[in-house]
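# Examination of the molecular architecture
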Amino acid sequence: MASEQYQNIQEGPITKGAVVEEFISSSSNLPRWAPVVLAAAGTNETLPRVTTTTTSNNKSVIGVSVGPNRSSGYCADNAGDSVQVVTFGATKCKVLGSSSTIAIGTVLETSATAGNAQAATSGDKNGFAVALYAGTNDGDIIPVYVKGGITG
């Protein structure tokens, strides 16, 4: 059964030193604690939007969605909603802990399951974050350290 560390934190980073940037969601039902990647900017927008991905080891990761905690439980209910993303520092992230071995210090990358991270595969150590806690079940929400910016 999936577990969530730091249940008292329901949005935002774990530490005050984390960098939180505001982006626009490219998709509806954007989950909290999900690795997000860059997507095309909307009409008359200058910065790219963010969304989840179903591509393993996607190099367009910008960070982890952390808020706001809307009444639906998502960061964004609709495309065009504003979302907060930790681009550097400590936050929580949803992982596939039984599909890939995640121990403290494991480098993380995106997975083929949207909104989840997995242990970096094939010796790739250029992931977007490092696990700060073991994840043993799919859907575990664990503390991670986002290494910052685009990984590839």
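The following refers to the structure shown. (Residues numbered from 1 in each chain as written. Predicted model: local features only at pLDDT ≥ 70, side-chain atom pairs only at ≥ 80, totals over all residues. Heavy atoms only, no water.)

Moving on, we come to a nonpolar patch on the surface. A surface patch of nonpolar side chains, amounting to about 300 Å² of accessible area, comprises V19, F88, L132 and Y145. Within the element layout of this structure, F88 appears in strand β7 (residues 82–96). (Patch = residues over 30% accessible without salt bridge, like charges linked within 9 Å, V, L, I, M, F, W, Y side chains within 5 Å. Areas by Shrake-Rupley, 256 points an atom, 1.4 Å probe, with all protein chains shown as cover. Salt bridge = Lys/Arg side-chain N within 4 Å of Asp/Glu carboxyl O. Helix = DSSP H or I, 4+ residues; strand = E, 2+ residues; numbered from the N terminus.)

Turning our attention to the nonpolar core. In this structure, I102, L108, F128 and V144 are the most contacted members of the largest nonpolar core, which totals 21 residues. Only β5 (61–67), β7, β9 (117–119), β10 (129–131) and β11 (138–146) provide two or more residues apiece to this core. Counting residues per element, this core draws most heavily on β11, at four residues. Residues V50, I62, C75 and V83 belong to the second largest nonpolar core, which totals nine residues. (Core = buried A, V, L, I, M, F, W, Y, C linked by side-chain atoms within 4.5 Å. Buried < 20%, exposed > 50% of the residue type's maximum accessible area, 1.4 Å probe, protein only.)

Okay, the packing of aromatic side chains next. Taken as a whole and assessed by the stated rule, the structure comprises one aromatic pair. With a centroid separation of 5.5 Å and 80° between ring planes, the pair formed by F88 and Y145 is classed as edge-to-face. Of this pair, F88 sits in strand β7 while Y145 sits in strand β11, placing them 57 residues apart in sequence. F88 sits in the partly exposed class, given a relative accessible area of 35%. (Phe/Tyr/Trp six-rings, centres within 6.5 Å; stacked < 30°, edge-to-face > 60°.)

For β7, the buried fraction is high: eleven of the 15 residues fall into the buried class. Of the strand pairs in this sheet, strand β1 (residues 19–24) and β7 are connected by six bridges, and their pairing is antiparallel. Opposite E22, over in β7, you have Q84 as the bridge partner. Sheet analysis places β5 next to β7, joined by three bridges and oriented antiparallel. The partner of V64 across the bridge, within β7, is V86. Sheet analysis places β7 next to β11, joined by eight bridges and oriented antiparallel. Considered in β11, the bridge of K92 is made with P143. (Pairing = 2+ DSSP bridges.)

A separate point is the environment of Q84. Position of Q84 among the secondary structure elements: in strand β7. Residue class for Q84 comes out partly exposed when judged on its relative accessible area of 27%. Distance in space between the C-alpha atoms of Q84 and V19 is 10.0 Å, their sequence separation being 65 residues. Those residues within four positions of Q84 in sequence are excluded, and the remaining contacts are E11, V20, E21, V64, S65, V66, G67 and P68. (Contact = heavy atoms within 4.5 Å.)

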